[in-house]
Amino acid sequence: MLEQIVQIVSNERSTDSYYRLVVRAPQIAPRIQPGQFAHVRILPMKDALLRRPFSIFQVEGDTFSILYKTVGKGTVALARMQSGEELSVIAPLGHGFTVPQPGAETPLLVAGGYGMAAMYLLARRSPQKGIVFVGGRRRVDILCEREFQDLGWEVRVTTEDGSHGEKGLVTQPLLAELKSAQRGRKLFACGPTPMLQAVGKIAGEHDVPAELSMDEHMCCGVGVCLTCVIRVRSGDTWEYRRTCTEGPVFDARDVVWEEAR
Amino acid sequence: MRAETQSPESRAVEEGLEPDLSVSIGKLTLQNPVTVASGTFGYGVEYAQLLDLNQLGAVVVKGIRLNPVPGNPTPRTAEVTSGMLNAIGLQGPGVDGFIQKYWPFLSTLKVPVIINIWGTTVEEYAEVVRRFDALGGVGALELNVSCPNIKEGGAQFGTDCNLLGQVVAACRRATTLPLITKMSPNVVNIAPYAKAAEDAGSDALAVTNSYPAMAIDIETRRPKLANITGGLTGPCIKPIAIKLVWEAARAVKIPIIGMGGIQNAEDAIEFFMAGASAVAVGTANFYEPQTPLQVIAGIREFMKRKGLRNLSQIVGSVQLTR
């Protein structure tokens, strides 16, 4: 974990309200593991003070990139920033995905919307190629399909409105795949909480291991404030664990799902 | 004679004097007046990779009671304009868990470690104090009588002068360690509470805790916190905290540790002028972990620029006449 002022190399809109930000961070980039995140202070924000956490998408040489969607004050301010401007970054943070070992289970990646951003580095560093299941509301919510195909991975797309790929939820083709063969598979998922809960349930029913990257509100990002806690199994009971430090990636069997609020 | 005709600034420069930033809290001496607010700095170890803790005035850890505390359901925090709300619910490992898990690291620090403690009864406060007194090596104990986010304990003690006096007195009997009472801001007039803590044997006051507050998500019509209400902190509370420090400082002789929205040295100096002898950086740690070190450097710079040799020349120096 390092705190550094980094320079923006590029910050471009890819589709719709999705952007790709590349920063030069020579000391941080080589340390990044798949599933880790960067905690970014967007200096032009005046009255919104907290850092914003972003999954790290790609690492190239001394740069890393993030994919983000403009959803609030922070991301809107970030989208206005230009190459040459500076950001304060604390990274790499968190406990990421377990990179598959040679000969291990075939990885099945499950991503919802910009959850896709957390999965690319895992696919790239995995010695086994697998299948990426990616879902979104509309065609524009399907990110980096091409990048995964270029790595030699099969990509199965679902959209809720049927504008691209199969119509429906990302869990449909996943279930179909697990029906055909469930042995020797491992799931890795990142996306909205209901999707993660569904993937965790499917993993349990099919007795397939699964790692879930949890998406929780964060504040400090380094384990101090106890904002981002989730319930994690501990013996016969549960305890709160921090998504920023013990996570964001958890074994699906350990996650205790809270009642929908 | 020549020296007297020179401005203090030029004299300090000429003599190459470094200002003295040290400050005393009871029998405890801090190398500089900048500490951190309990609950914003974990148990120190979390930030050790990002800054040199030994440069701080003191490390103040998150509140500990006798037994482990699970904390509140989520969401526990919400960002608001120039600040944030929290209702963590004092999640913590309890005295034994703290000593086992965090004390081995904390006890290696060269700067004092101040342990924030709380309980649900006067007796529990005193028991926790006894446990830390027996531990050895603790710099001071901060009595949290002002957490707004738990049903029992905390704020009920801080908003009742009689109870406050009882808690502080019971803790005083249990230890010779310096005691800092962390005051509730949720009172009409802080002076009698400050006096009650002083009279009961507190060595210093921490002014102040977070302000009870609430925010609503207008899309869902739900409160932004699972706890419904929480404590407001950050730069938005600074002017309110300055006033409370000023009022408390006029009521007591013991030193005050001022806190509330400090982001830079200018903020800290404002607290000194209002009457604080030391300060704590809180919410700013969450977004800029270097803040305490930047504040220390900025105070030193200010003192050099003004030709000030020690902090007592600033403390309480607000000029009320125009």
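Shown above is the structure to which this text applies.
Reading the values: rules and limits
Residues numbered from 1 in each chain as written. Chains lettered and ligands numbered in written order. Predicted model: local features only at pLDDT ≥ 70, side-chain atom pairs only at ≥ 80, totals over all residues. Heavy atoms only, no water. Helix = DSSP H or I, 4+ residues; strand = E, 2+ residues; numbered from the N terminus. Rg over C-alpha atoms; globule rule 2.2 N^0.38 Å. Contact = heavy atoms within 4.5 Å. Areas by Shrake-Rupley, 256 points an atom, 1.4 Å probe, with all protein chains shown as cover. Lys, Arg positive; Asp, Glu negative; His and termini not counted. Charge placed at Lys NZ, Arg CZ, Asp CG, Glu CD. Buried < 20%, exposed > 50% of the residue type's maximum accessible area, 1.4 Å probe, protein only. Pairing = 2+ DSSP bridges. Buried area = accessible area lost by both parts, 1.4 Å probe. Salt bridge = Lys/Arg side-chain N within 4 Å of Asp/Glu carboxyl O. Polar contact = N/O pair within 3.5 Å; in protein donor to acceptor, adjacent residues only side chain to side chain. Nonpolar A, V, L, I, M, F, W, Y, C, P; charged D, E, K, R; others polar. Axes fitted to C-alpha atoms, helices over the stretch in contact; angles between N-to-C directions. Parallel < 35°, antiparallel > 145°, perpendicular 65-115°, else oblique. Phe/Tyr/Trp six-rings, centres within 6.5 Å; stacked < 30°, edge-to-face > 60°. Lys NZ or Arg CZ within 6 Å of the ring centre and 35° of its normal. Core = buried A, V, L, I, M, F, W, Y, C linked by side-chain atoms within 4.5 Å. Domains from an automatic or database assignment.

Colleague: Explain the overall build of chain B here, please?
Modeller: Within chain B, the regular secondary structure consists of 12 helices and 16 strands. The C-alpha radius of gyration of chain B comes to 19 Å, within 12% of the 20 Å expected for a compact globule of 322 residues. If you line up chain B on its principal axes, its C-alpha atoms span 65 × 50 × 40 Å. In chain B, the share of contacts with a sequence separation of at least 24, taken over all contacts with a separation of at least 6, comes to 70%. Put simply, chain B shows about 13,000 Å² of open surface, and 51% of that area lies on carbon and sulfur atoms. Counting 28 positive and 28 negative side-chain charges, chain B places the centres of these two groups 2 Å from one another.

Colleague: Hey, could you run me through the overall build of chain A in this one?
Modeller: Helices and strands together make up the secondary structure of chain A, namely five helices and 16 strands. Scaling as 2.2 N^0.38, a compact globule of 261 residues should have a C-alpha radius of gyration of about 18 Å, and chain A matches this with 18 Å. For chain A, the spread of C-alpha atoms along the principal axes amounts to about 50 × 45 × 40 Å. Out of the 261 residues belonging to chain A, those deemed buried represent 56%. When the accessible surface of chain A is split by element, carbon and sulfur atoms take 46% of a total near 11,200 Å².

Colleague: Looking at this structure, how should I read the environment of Phe105 of chain B?
Modeller: Residues and elements named next belong to chain B. Residue position: Phe105 is located in helix H4 (residues 103-106). With relative accessibility at 26%, the residue Phe105 sits in the partly exposed group. Along the primary structure Phe105 and Val45 are separated by 60 residues, whereas in three dimensions their C-alpha atoms are 7.0 Å apart. Beyond its immediate stretch of four places on either side in the chain, Phe105 contacts Tyr43, Gly44, Val45, Ala48 and Leu53.

Colleague: Is there a simple way to think about the pairing of strand E6 (residues 83-86) of chain B in this case?
Modeller: Here is the key point about a regular strand: its side chains alternate between the two faces of the sheet. Residue and element names in this part refer to chain B. Burial along E6 is two-sided: Gly83 and Leu85 and Met84 and Asn86, pointing in opposite directions, are all buried. As judged from the four bridges shared by strand E5 (residues 77-80) and E6, these two strands associate in the antiparallel manner. Its bridge partner lying in E6, Thr77 is registered against Asn86. Here E5 hands over to E6 after two residues, with Ser82 in that stretch at a positive phi of 55°. Sheet analysis places E6 next to strand E14 (residues 229-233), joined by three bridges and oriented antiparallel. Bridge pairing in E14 links Met84 to Thr233.

Colleague: Just checking my understanding: could you explain the interface of chain A and chain B for this structure?
Modeller: One frequently used descriptor of interface size is the decrease in accessible area upon assembly of the parts. Contacts between the two partners involve 26 residues from chain A, matched on the other side by 35 residues from chain B. Summing both sides of the interface, chain A and chain B together bury roughly 2,600 Å²; the carbon and sulfur share of this comes to 55%. Linking chain A with chain B are three salt bridges, by the criterion used here. Among the salt bridges present, the one from Arg51 of chain A reaches Glu288 of chain B, with a minimum N-O distance of 3.4 Å. Applying the counting rule to chain A against chain B returns 11 residue pairs in polar contact (both at pLDDT 80 or more). Elements with a contribution of two residues or more to the side of chain A that touches chain B: strand E1 (2-15), strand E7 (86-93) and strand E15 (237-242) of chain A. Taken together, the residues that form the side of chain A that touches chain B break down as 14 nonpolar, three polar and nine charged.

Colleague: Help me understand the packing of helix H4 (residues 171-180) of chain A against helix H5 (residues 193-205) of chain A, please; the structure alone is not making it clear to me.
Modeller: Each packed pair of helices is defined by two parameters, the angle between the axes and the distance between the axes. Residues and elements named next belong to chain A. Running from N to C, H4 and H5 cross one another at 10°; their axes reach a closest spacing of 11 Å. Taken together, the axis directions place H4 and H5 in an arrangement best described as roughly parallel. Of the residues in H5, those touching H4 at Thr171, Leu174, Leu175 and Leu178 are Ala198, Val199 and Ile202. Grouping the amino acids of the contact of H4 with H5 by side-chain chemistry returns six nonpolar, one polar and no charged.

Colleague: How do you make sense of the packing of aromatic side chains when you look at a structure like this?
Modeller: The description of two aromatic rings rests on the distance between their centres and on the angle between their planes. Taken as a whole and judged by the stated rule, the model has 13 aromatic pairs over all chains. Residues Phe98 of chain B and Tyr102 of chain B carry aromatic rings whose centres are separated by 6.3 Å and whose planes lie at 35° to one another, so their mutual orientation is tilted. Judged on exposure class, the residue Phe98 of chain B and its partner Tyr102 of chain B are both buried. Taken together, Tyr43, Phe98, Tyr102, Trp103 and Phe132 of chain B form an aromatic cluster joined through their ring pairs. The ring of Trp238 of chain A carries Arg231 of chain A above its face, with NZ or CZ at 4.1 Å from the centroid. Just above the ring of Trp246 of chain B sits the side chain of Arg250 of chain B; from NZ or CZ to the centre is 3.8 Å.

Colleague: Explain the sheet that holds E5 of chain B here, please?
Modeller: The strands making up a sheet associate through backbone hydrogen bonding, with each pair oriented either parallel or antiparallel. All names here are of chain B. Pairing within the open sheet is antiparallel, and its four strands lie in the order E5-E6-E14-E11. Strands at the two margins of the open sheet, each flanked by one partner only, are E5 and strand E11 (211-214). Adjacent strand axes in the sheet meet at a mean angle of 40° when their direction is disregarded.

Colleague: Please explain the sheet that holds strand E11 (residues 166-167) of chain A as it appears in this structure.
Modeller: Residues and elements named next belong to chain A. Strands sit in the order E11-E10-E9-E8-E12-E13-E16 across an open sheet of seven strands; the sheet is mixed. The open sheet has two free edges, formed respectively by E11 and strand E16 (249-251), since each of these has just one partner strand. Note: strand E13 (residues 210-213) against E16, three bridges, orientation antiparallel. Across the sheet, residue Glu211 finds its bridge partner in E16, namely Asp251. Across the face of the sheet, H5 comes into contact with strand E8 (106-112), strand E12 (185-190) and E13 while running at roughly 165° to E12.

Colleague: Is there a simple way to think about the nonpolar core in this case?
Modeller: Nonpolar side chains in soluble globular proteins tend to be buried together. Core analysis: the biggest nonpolar cluster contains 124 residues, and Tyr47, Phe98, Ile115, Phe132 and Ile299 of chain B have the highest contact counts within it. In this structure, this core is formed jointly by two domains, domain 1 (2-93) and domain 2 (106-254) of chain A, each of which donates at least three residues. Once residues lying within four places of it in the same chain are set aside, the contact partners of Phe98 of chain B are Tyr43, Val61, Ile64, Pro93, Trp103, Leu106, Ile115 and Phe132 of chain B.

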